[in-house]
Amino acid sequence: MTFKIGDMVEVETKFHGAKPGIIIEQISDSRGSSWEVLHIREHWTPTTIALEQDLKLVQPITVR
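For the structure given in this document, a descriptive report is provided here. From a predicted model like this one, the values you see are computed outputs, not experimental measurements.

### Quick notes on the nonpolar core
Part 1: Among the nonpolar cores identified, the biggest contains eight residues, and these are Phe3, Val9, Val11, Ile23, Trp35, Val37, Ala50 and Leu55.
Part 2: Breaking this core down by element, the ones donating at least two residues are strand S1 (8-13) and strand S3 (32-39).
Part 3: Among all residues touching Phe3, those that are not within four sequence positions of it are Val9, Ile23, Trp35, Glu52, Leu55, Lys56 and Leu57.

### Focus: the environment of Thr48
Part 1: Considering the arrangement of structural elements, one finds Thr48 in strand S4 (residues 47-50).
Part 2: A sequence separation of 18 residues divides Thr48 from Ser30, and the C-alpha atoms of the two residues are 19 Å apart.
Part 3: A polar contact is formed between the side chain of Thr48 and the side chain of His39, at a distance of 2.5 Å.

### Description of the sheet that holds S4
Backbone hydrogen bonds are what pair the strands of a sheet, in a parallel or an antiparallel way.
Part 1: Strand order across the open sheet formed by five strands is S4-S3-S2-S1-S5, with antiparallel pairing between neighbours. On the outer flanks of this sheet lie S4 and strand S5 (55-59), each paired with one strand and no other. The average undirected angle you get between the axes of adjacent strands in this sheet is 45 degrees.
Part 2: In this sheet, S3 lies alongside strand S2 (residues 17-29) in antiparallel orientation, the contact comprising eight bridges. The partner of Ile27 across the bridge, within S3, is Ser34.

Reading guide: rules and limits
Residues numbered from 1 in each chain as written. Predicted model: local features only at pLDDT ≥ 70, side-chain atom pairs only at ≥ 80, totals over all residues. Heavy atoms only, no water. Core = buried A, V, L, I, M, F, W, Y, C linked by side-chain atoms within 4.5 Å. Buried < 20%, exposed > 50% of the residue type's maximum accessible area, 1.4 Å probe, protein only. Helix = DSSP H or I, 4+ residues; strand = E, 2+ residues; numbered from the N terminus. Contact = heavy atoms within 4.5 Å. Polar contact = N/O pair within 3.5 Å; in protein donor to acceptor, adjacent residues only side chain to side chain. Pairing = 2+ DSSP bridges. Axes fitted to C-alpha atoms, helices over the stretch in contact; angles between N-to-C directions.

No statement about biological role is implied by the geometric values presented.
Given below as structure tokens:
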């Protein structure tokens, strides 16, 4: 699945279960690609870096 900046997703975190958020950046480096997700609900960090396999699309961004 291909995600886009602005998509609403659910992130499966290691210690805190699934958390909703919005993708704000794609990160690519020598190890591959990942996504930075801004959390909507309170979380101990404001963002999380997640692999695509840990994301579930909730609502795609709609462009007008």
